[in-house]
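Take a look at the letters that make up each chain.
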Amino acid sequence: MLTYDIVIVGAGGGGLYAALETSRCKGLRVAVLTKVYPTRSHTGAAQGGINAALGNVAPDSPEKHAYDTVKGSDFLADQDAVELMCEMAPKVIREMEHMGLPFSRLSDGRIAQRPFGGASFPRTCYAADKTGHVMLQTLYEQCIRFGVEFLNEWFALSLVHNGERIAGLTAVNLRTGSIVGIRARAVILATGGHARIYWKRTSNALGNTGDGPAMALRAGVPLKDMEFVQFHPTGLRRTGILVTEGARGEGGYLINAKGERFMERYAPEKMELAPRDLVSRAIETEIMEGRGFEDEEGNKFVYLDLRHLGRKKILERLPQIRELAIDFEGVDPIEEPIPVRPTAHYSMGGIDTDKFGRTSIKGLYAVGECGCVSVHGANRLGGNSLLDIVVFGKIAGKDAVESIEGLDFVSFPESKVKDEGERIKALFNSDGSEKLSQLRNELSDVMSEGVGIFRSEEGIRRALNKVREIKERAKKLKVYDTELTFNTNLQQTLEFLNMIEVAETIALGALERKESRGAHSRTDYPKRDDEKFLKHSIIRKGDDGELRVSWKPVVITKFPPEERKY
Amino acid sequence: MERREVTFRIKRFNPKKDVRPYYQEYKLTVPRGMTILEALQFIKDEIDPTLAFRAFCRSAICGSCAIKVNGFPKLACKTQVFTELDKFKTSLLTLEPLDNMEVIRDLIVDWDGAFERMKELKPYLIPDPKVVPDTLDEETRVYPEELKKYDKFTDCILCTSCYSICTATQIDEGYGGPFQLARLYRFAVDKRDGLKEERAKIGYAYDMWNCVRCEKCADVCPKHVGPVDAIMRLRGISIDIGLKDNPGARHVLAFYKSLMESGLLNEVLLPLRAKGIKGVLENLPVGIKMILKGKAHSPIMKPISEHESLIKLMKAAMEVE
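Calculation notes
- Residues numbered from 1 in each chain as written.
- Chains lettered and ligands numbered in written order.
- Predicted model: local features only at pLDDT ≥ 70, side-chain atom pairs only at ≥ 80, totals over all residues.
- Heavy atoms only, no water.
- Helix = DSSP H or I, 4+ residues; strand = E, 2+ residues; numbered from the N terminus.
- Buried < 20%, exposed > 50% of the residue type's maximum accessible area, 1.4 Å probe, protein only.
- Contact = heavy atoms within 4.5 Å.
- Buried area = accessible area lost by both parts, 1.4 Å probe.
- Salt bridge = Lys/Arg side-chain N within 4 Å of Asp/Glu carboxyl O.
- Domains from an automatic or database assignment.
- 1 Å grid on protein atoms, 1.4 Å probe; cavity = no way out; pocket = protein on both sides within 12 Å on 5 of 7 lines; lining within 4 Å.
- Points joined across faces, edges and corners; volume = space filled by probe spheres on them.
- Nonpolar A, V, L, I, M, F, W, Y, C, P; charged D, E, K, R; others polar.
- Core = buried A, V, L, I, M, F, W, Y, C linked by side-chain atoms within 4.5 Å.
- Pairing = 2+ DSSP bridges.

(A) Representation of the overall build of chain B. Helix and strand counts for chain B stand at 13 helices and 7 strands. With respect to the three principal axes, the spread of C-alpha positions in chain B is 70 × 70 × 40 Å. For chain B, the proportion of its 321 residues judged to be buried stands at 50%. Counted over contacts in chain B with a minimum sequence separation of 6, partners at least 24 positions apart contribute 66%.

Take a look at the structure:
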């Protein structure tokens with residue numbers, strides 16, 4: 001058994017910021033546990049930027065930022081949390097700047113800002129098209145500077161609590177294969193998103209499998225707004241790999257097979273810079289109505305055209321995008337348009353927390369994409385996810401340090417470690433009549449069809465039943481690799497089991513929310529229904545293993561709900 | 001859709017179990033567009049679940065999946081199978097773990113040594129209170145041309161490809177390492193950093209003069225960072241701050257002096273200037289042979305005809321730097 005005061009699970013922007021915050025308090029034993037090496041975390045793949053009302057390019061204010069965020073969320077975000085985030089934004093940006101983050105600059109030396117979807121001003125601070133990468137590197141560098149302890153390549157298995165307070169967690173050291181109990185007075189989950197559930201068409205890293213929400217669910221901790229999954233408008237045709245919104249922010253066009261800039265029909269004012277839910281639906285509609293392209297493999301797509309930006313701007317502002325397009329699509333955006341289609345990208349829903357990142361279990365926190373504060377509501381604006389992780393990572397880190405003062409450890413039954421060992425042993429001993437890759441693809445298909453960009457009662461029901469069927473069949477999955485050292489067969493199987501658990505909550509939430517709001521678009525209920533559904537869905541697993549849905553009011557402060565037009 | 005039969009010959013090793021590494025062959029039909037990583041995942045999913053490799057972002061930004069493909073470090077995720085087949089005119093690709101690090105299992109190597117070395121080099125900004133504002137109400141002013149000095153070196157994704165083929169790393173345990181030294185340089189030229197030029201001393205202590213400029217690190221870098229450029233510039237800084245009393249710096253200065261004097265390399269004086277009497281003694285046998293074969297020139301050299309223009313050119317180049 002290991003013992004720490006605070007354990008942070010996940011080493012992306014949220015986890016690292018929380019770690020830095022805790023490192024200010026000397027004498028605390030803190031560890032960051034991550035299933036990868038810290039700088040591999042998916043924060044690094046964020047390209048376009050991070051929002052803050054610095055007003056460096058055009059006059060701006062945190063209040064305007066908050067309004068855009070709330071409107072973008074289709075009024076489902078909790079406004080007190082949004083205001084807090086937007087208020088803190090300029091300060092955390094400068095704090096990271098002071099840590100050495102290499103932001104792109106204006107000619108007068110201040111931090112540059114670019115336009116992004118759904119924002120009224122150029123508000124997105126950036127470092128070319130590698131903002132998340134340099135953020136992750138900078139935060140990790142500072143963690144080295146302040147001596148943060150890391151448990152690299154450890155995989156978290158379960159949360160342990162006494163119904164009231166957190167006791168710690170169990171995890172497997174991937175390098176040695178040993179299953180270990182870790183006692184902690186506070187645990188901060190920062191495990192990232194779960195869009196990998198849409199396995200065949202997602203911008204996410206292979207490991208974005210919802211480990212945090214799945215562990216929380218199993219531990220009886222409620223999840224919130226799980227039905228909201230963001231499809232990013234511009235994933236590469238074949239792989240779903242992300243092409244940043246910054247490409248449209250810099251002036252890129254979306255073009256259909258008739259050569260039209262079709263966004264004219266959907267968002268005449270904002271055009272390509274409408275929010276993501278709207279642009280994704282527009283692209284899918286164009287494709288469904290026969291105005292898309294189709295290649296010989298049957299991939300359907302539209303074009304993202306950057307050619308008119310010119311060579312210089314592309315090389316300077318979007319160099320990595322150019323390289324991705326060349327490496328993965330064989331297309332040089334300087335010469336040719338990029339074939340794109342919406343790709344499962346971001347999980348607005350997650351572990352239910354308040355604005356300090358606290359969950360229903362004292363001492364258990366969740367920050368970033370695995371959590372749901374909620375600041376993104378039904379649709380997240382581009383540039384707000386990097387902001388979310390650093391702001392709430394910082395807040396939760398600080399709150400955790402303060403909250404454990406004077407608190408003792410809660411008893412951690414040794415049997416919990418044994419239970420996980422048994423769970424894993426069962427996977428080695430199963431009959432293996434089902435196959436991991438087969439089930440993963442089926443889950444991906446059923447989720448894309450039933451709970452993808454467009455949804456309906458019938459489709460969602462089918463998806464939910466199918467997910468439950470896959471969950472049953474998954475009991476017959478077998479781990480064939482019997483070695484202890486780096487058993488990636490075991491890891492991928494455990495990740496899949498997490499995904500099914502989370503997938504079920506997405507489908508259930510989607511079924512219960514009989515309206516269209518943000519990324520949740522129901523063809524049978526095409527309108528937003530504030531009377532019935534201006535509230536958060538809460539899903540909890542009972543002791544009997546059944547999922548139960550309840551609702552929680554939305555916090556409204558300054559911005560009364562209105563029709564959302566762009 | 002074009003498809004090809006491809007044999008993947010993969011180096012397998014589990015030090016906990018196997019006496020020595022061995023190669024295992026997997027044959028599969030590969031469609032155009034498939035990456036090495038997709039092929040590896042296909043093998044794991046459909047043929048052999050025990051194959052161990054690392055992968056995460058699959059879009060060339062996380063640095064997890066660097067392996068050797070037919071002998072060269074590559075990110076598996078951004079390397080197309082067909083491209084490699086065409087390059088090597090083959091239907092067989094050999095996949096192996098990166099060199100210079102111990103194998104944990106199959107294609108997974110132990111990064112710890114490389115990263116621990118990086119940590120020793122203070123790879124983080126220590127803010128200079130004279131430059132970085134002490135309030136969060138202000139940002140540091142950094143002009144685009146100041147950013148340009150180090151921007152390229154912030155692209156490093158720590159994939160360790162450069163480290164795995166670095167000649168100096170292979171022979172010198174005290175060597176800082178390519179990506180590690182590049183990160184050191186990145187901070188040395190960041191106006192916000194409190195150590196700044198002092199960082200050249202760290203590079204000096206970590207044998208940066210032992211880089212032999214083979215440039216392999218630049219060749220294999222998937223992000224075009226080119227650590228060797230950073231190392232050369234860090235050496236420049238070390239000379240500027242007076243760390244001249246070592247063979248490397250004296251060698252460079254001897255070249256410089258020679259060019260300023262005559263525009264030609266004075267090979268006779270070079271050993272003396274670089275290493276003193278010791279250098280002369282070391283090079284004596286070669287020197288005598290050169291004299292006997294009539295290859296040695298006089299230590300006193302006449303300047304070349306366009307010498308003044310050359311000096312102008314060199315000064316202009318130095319100003320640009």
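(B) Structural context of the interface of chain B and chain A. With 73 residues of chain B at the interface, the matching set in chain A holds 69 residues. Between chain B and chain A the total buried area reaches about 5,900 Å² when both faces are included, carbon and sulfur atoms providing 50% of it. Our enumeration of links across chain B and chain A arrives at 15 salt bridges. Here Glu323 of chain A ties to Lys78 of chain B by a salt bridge, and the two come within 3.0 Å at their closest N and O atoms.

(C) Structural context of the domain arrangement of chain B. All names here are of chain B. Under the domain assignment, chain B is made up of domain 1 (3-108), domain 2 (110-241) and domain 3 (247-319). Each of domain 1 and domain 2 has a C-alpha centre, and these two points are 30 Å apart. Contacts between the two partners involve 17 residues from domain 1, matched on the other side by 16 residues from domain 2. Surface buried jointly by domain 1 and domain 2 totals about 1,400 Å² across both partners, of which 59% is contributed by carbon and sulfur atoms. It is Pro73, Asn100 and Met101 in domain 1 that bury the most area against domain 2; as a group they hold 40% of the surface buried on that side. Counting across the interface, domain 1 meets domain 2 through 0 salt bridges.

(D) Inspection of the pattern of salt bridges at higher detail. All names here are of chain A. What the rule picks out here adds up to 104 salt bridges over all chains. Close ionic contact of Arg513 with Glu227 constitutes a salt bridge, the shortest N to O distance being 2.6 Å. On the criterion of sequence distance, the pair formed by Arg513 in the loop between helix 15 (488-512) and strand 20 (521-522) and Glu227 in the loop between strand 10 (223-224) and strand 11 (229-236) is long-range, its members being 286 residues apart. Exposure class is identical for Arg513 and Glu227. Each is buried.

(E) Representation of the layout of surface pockets within the structure. In this structure, the largest pocket occupies an estimated 1,600 Å³ of space. Elements with a contribution of two residues or more to the lining of the largest pocket: helix 10 (227-240), helix 11 (247-261), helix 12 (270-292) and helix 13 (307-320) of chain B. Looking at the lining of the largest pocket, the element that brings in the most residues is helix 12 of chain B, giving 14 residues. A class-by-class count of the residues in the lining of the largest pocket yields 29 nonpolar, 7 polar and 9 charged. Of the domains in this structure, domain 2 (110-241) and domain 3 (247-319) of chain B are the two that each give at least three residues to the lining of the largest pocket. Within this model, the second largest pocket holds a volume of roughly 1,400 Å³. Looking at the lining of the second largest pocket, the elements with two or more residues in it are helix 8 (276-288), strand 15 (338-347) and helix 13 (436-450) of chain A together with strand 2 (22-31) and helix 1 (36-47) of chain B.

(F) Representation of the domain arrangement of chain A within the structure. All names here are of chain A. In terms of domains, chain A is made up of domain 1 (2-228 + 348-404), domain 2 (234-342) and domain 3 (414-534). For domain 1 and domain 3, the distance between their C-alpha centroids amounts to 23 Å. Taken together, both faces of the contact between domain 1 and domain 3 bury some 3,500 Å²; the carbon and sulfur share is 64%. Considering only the surface of domain 1 that becomes buried against domain 3, Ile197, Tyr198 and Glu227 emerge as the three largest contributors, covering 21% of it. Counting across the interface, domain 1 meets domain 3 through 6 salt bridges. The residue Asp445 makes a salt bridge to Lys200 at a minimum N-O spacing of 2.8 Å. Listing elements by their share of the side of domain 1 that touches domain 3, those giving two or more residues are strand 7 (154-161), strand 9 (179-189) and helix 5 (211-218). Residue classes in the side of domain 1 that touches domain 3 are distributed as 19 nonpolar, 10 polar and 10 charged.

(G) Broad picture of the nonpolar core. Residues Ile50 of chain A together with Phe8, Leu40 and Val81 of chain B are the most contacted members of the largest nonpolar core, which totals 141 residues. In terms of residue count, helix 11 (residues 385-403) of chain A provides more of this core than any other element does, 10 residues in total. For Phe8 of chain B, the contacting residues outside a window of four places in its chain are Gln24, Glu25, Tyr26, Leu28, Val30, Ala39, Ile43, Val81, Leu93 and Leu95 of chain B. Among the nonpolar cores identified, the runner-up in size contains 78 residues, and Tyr4, Ile182, Val451 and Ile506 of chain A belong to it.

(H) The arrangement of the pairing of strand 14 (residues 300-305) of chain A in detail. Residues and elements named next belong to chain A. Bridge count for strand 12 (residues 253-255) against strand 14 is 3 bridges, and the pairing is antiparallel. Among the inter-strand pairings, Ile255 is bridged to a residue of strand 14, identified as Tyr303. Across 2 bridges, strand 13 (residues 293-294) lies against strand 14 in antiparallel orientation. If you follow Glu294 over to strand 14, its bridge partner there is Lys300. Where strand 13 folds back onto strand 14 in an antiparallel hairpin, the turn is made up of 5 residues, including Gly298, whose phi is positive at roughly 90°.

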